[in-house]
Amino acid sequence: MDSTPTALPLPTFPPPLRTIESLPGPRRWPLVGNVLQIRPLRLHQDVEAWCREYGDFFQMYMGPEQALVVADHDVVAQVLKQRPDTFRRPALSERIMREMGCVPGLFDAEGQDWRNQRRMVMHAFSPQGIKAYFPSLVKVALRLQQRWDRAAQDERTIVLSDDLKRYTVDIIAGLAFGTDVDTINGGEEVIQRHLDVILPAIARRTLSFVAYWRVFKLPQDRRLEHSVATVRHAIQDLIGQARTRMAREPERAAHPANLLEAMLAAAGQPGSGVGDEAVVGNVLTMLLAGEDTTANSIAWLLYQLQRHPEALARARDEVLRHAPDPAAFTMEQMDKLEYLNGCIQESMRIKPVAPFIPVEAMHDTSVAGIHVPARTLVWCVLRHHSMADSHVEQAAQFDPQRWLHEGPGAIDRKVAMPFGAGPRICPGRYLALLEMKVVMAMLLGRYDIDAVATPDGKEAEELMAFVMSPIGLAMRLRRQRWQ
Ligand code: HEM
């Protein structure tokens, strides 16, 4: 027998964690940190420029608070996946909403409240729910078509964001609240005007270094108060209409026809985790989360297609082949618009309306070997690898084709995350994609686009106010000759 002692394997230890302080990052000032180097309306671009300079992981300071910036798409997806237990949305965002007089909903809910509300919202926005709503969605698109017919006939310029927001609000109100608000045919005093005041205010106050509004109010803060009060009034109206329907038809409590009815039915149940406040909060949340995001995504898509005539022609060809008549649109036709779908994905890769997602660590944890103490802000950058040649071939080019095939030359679909990732991924994504397809199919099949341009004819700038929007795009349409 061999008596040579065999060497015991040495225990291996994971490498010690790095600290955030050990990472590179822009030079900071005492107290204000890097805040003065960030242009609030160009915040995303400033952080993306630092990503190019300092790499996928670096530190920055939002005032005195240290933040870890993560721009590696795999690691971003891992962080976003660890919600709601390890990371949450920053507590500041909920505080700002409440202070403004807005009740938070799913977007700001955490823990068990979030789980309960999420289940209901997912059910309301499920592919089956959206399929059932499709005929009403098309009806809203046809109203927009009438509005655009009039604009084309009068050779009038269309303020793109205004018309598209009317379209998206009407769809959300119909699907989620069961109410036909018809803002497309409404006058100037529509709910969007007030949402347009509230959304930038959330962004502005979240980034504001000094909470001056607690001490005195500027005209913009008084406008905000008025808009919040008007929107709250409109929400009470929507809830009132749903309660009346449910009182008239009590069977709706057992078989709710939409999200609002489901929430109202649940609000009466003990232990449902959905109270009256959550109902109000979620009506507002659906309006805020579904309006600007989808409208601006469509505006960016139109802008990019207009600058790529060969892609536009190919998308139009496809529409005329598979879905030539908006009044007869079907879900099956929409499923056939694969090239248009590629255009949508490509546009959202280059111009994601949510180019970053900030989260906060709930307890001490680690990210890619970096120690992250509890309550640290982790700034997840969504547009970095998705625009890098190292991850996407000729990344700066608008090339819808890359979304159509598998294998060499195809894009790694996980590199772009326009709807976020993990358990809090956008629940409205199926609806949003369908809204985009329907409005684009209606437009491409019926009109020639004369212009989608900024007032000075220069490149559309990206403005970060709650979502990343193109500044001041106007569109001119002409009815196609064969129409
Ligand atoms: C193109 C249009 C849209 C884009 C690009 C978009 C993008 C996003 C993103 C990036 C998030 C954060 C996800 C995360 O934290 O991982 C989000 C969350 C959310 N979105 Fe959307 N969204 C769009 C349309 C909609 C629509 C139409 C609705 C519903 C009416 C909606 C409702 C929500 C809600 C409620 C949340 C919070 C989900 C949660 O925290 O659990 N979104 N969206």
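As annotated in an unreviewed UniProt entry, the protein chain is Cytochrome P450 from Pseudoduganella rivuli. Under the Cofactor (unreviewed entry) heading, UniProt states for the protein chain: "heme".

(A) Focus on the UniProt feature "binding site: heme" (unreviewed entry) in the protein chain. Taking the UniProt record as the reference, the feature "binding site: heme" (unreviewed entry) is found at Cys426. In this structure, Cys426 sits in the loop between β8 (377-381) and α14 (429-446). Cys426 sits in the partly exposed class, given a relative accessible area of 26%.

(B) Structural context of the pairing of strand β10 (residues 462-465). Bridge count between β10 and strand β11 (residues 467-470): four bridges; the pairing is antiparallel. What sits directly across from Leu463, in β11, is Ser469. Linking β10 to β11, which pair antiparallel, is a turn of one residue; within it Phe466 sits at a positive phi near 70 degrees.

(C) Highlighting the site of the ligand. In the neighbourhood of the ligand, 27 residues make up the surrounding shell, with Arg83, Arg89, Trp114, Arg118 and Cys426 lying closest. Between the ligand and the protein, one listed contact pairs a nitrogen atom with a backbone N or O atom of Ala289 at 3.5 Å. Contacts to the ligand include Ala421, whose backbone N or O atom sits 3.3 Å from an oxygen atom. For the shell around the ligand, the elements supplying multiple residues, two or more each, are α4 (111-124), α10 (276-306) and α14.

(D) Broad picture of the nonpolar core. Judged by nonpolar contacts, the single largest core of 128 residues is most densely connected at Trp148, Tyr167, Phe177, Trp379 and Met475. Here this core takes 16 residues from α10, the largest share from any one element. Beyond its immediate sequence surroundings of up to four residues, Tyr167 is in contact with Leu137, Val140, Ala141, Leu144, Ile184, Ile298, Glu435, Val438 and Val439. With 22 residues, the next largest nonpolar core counts Ile20, Val79, Leu80 and Val367 among its residues.

(E) Expanded view of the sheet that holds strand β3 (residues 87-88). Spatially, five strands are ordered β1-β2-β8-β5-β3 in an open sheet, and the strand pairing comes out mixed. Edge strands, defined here as strands with exactly one partner in the open sheet, are β1 (57-62) and β3. Across two bridges, the pairing between β3 and strand β5 (residues 356-361) is antiparallel. Paired with Arg88 across the two strands is Glu360, which belongs to β5. The strands that helix α1 (residues 43-54) touches are β1, β2 (65-70), β5 and β8; relative to β1, the one it contacts most, it runs at about 140 degrees. Its contacts with the sheet place helix α2 (residues 73-81) against β1, β2, β3, β5 and β8, and it is angled at close to 130 degrees to β8.

(F) Fine view of unusual backbone geometry. Looking along the chain, the bond that leaves Arg83 and enters Pro84 is cis, with omega of 5 degrees. Tracing the backbone through its elements, the reader meets Pro84 in the loop between α2 and β3. Even without a glycine there, the phi angle at Asp182 is positive, about 45 degrees. Checked against the element boundaries, Asp182 lands in the loop between α6 (160-177) and α7 (191-207). For Gln394, which is not a glycine, the phi torsion comes out positive at approximately 45 degrees. By the secondary structure assignment, Gln394 is in the loop between β8 and α14.

So, how was this worked out
- Residues numbered from 1 in each chain as written.
- Predicted model: local features only at pLDDT ≥ 70, side-chain atom pairs only at ≥ 80, totals over all residues.
- Heavy atoms only, no water.
- UniProt positions renumbered as here; feature names shortened; annotations may be inferred.
- Helix = DSSP H or I, 4+ residues; strand = E, 2+ residues; numbered from the N terminus.
- Buried < 20%, exposed > 50% of the residue type's maximum accessible area, 1.4 Å probe, protein only.
- Pairing = 2+ DSSP bridges.
- Near = heavy atom within 4 Å.
- Polar contact = N/O pair within 3.5 Å; in protein donor to acceptor, adjacent residues only side chain to side chain.
- Core = buried A, V, L, I, M, F, W, Y, C linked by side-chain atoms within 4.5 Å.
- Contact = heavy atoms within 4.5 Å.
- Axes fitted to C-alpha atoms, helices over the stretch in contact; angles between N-to-C directions.

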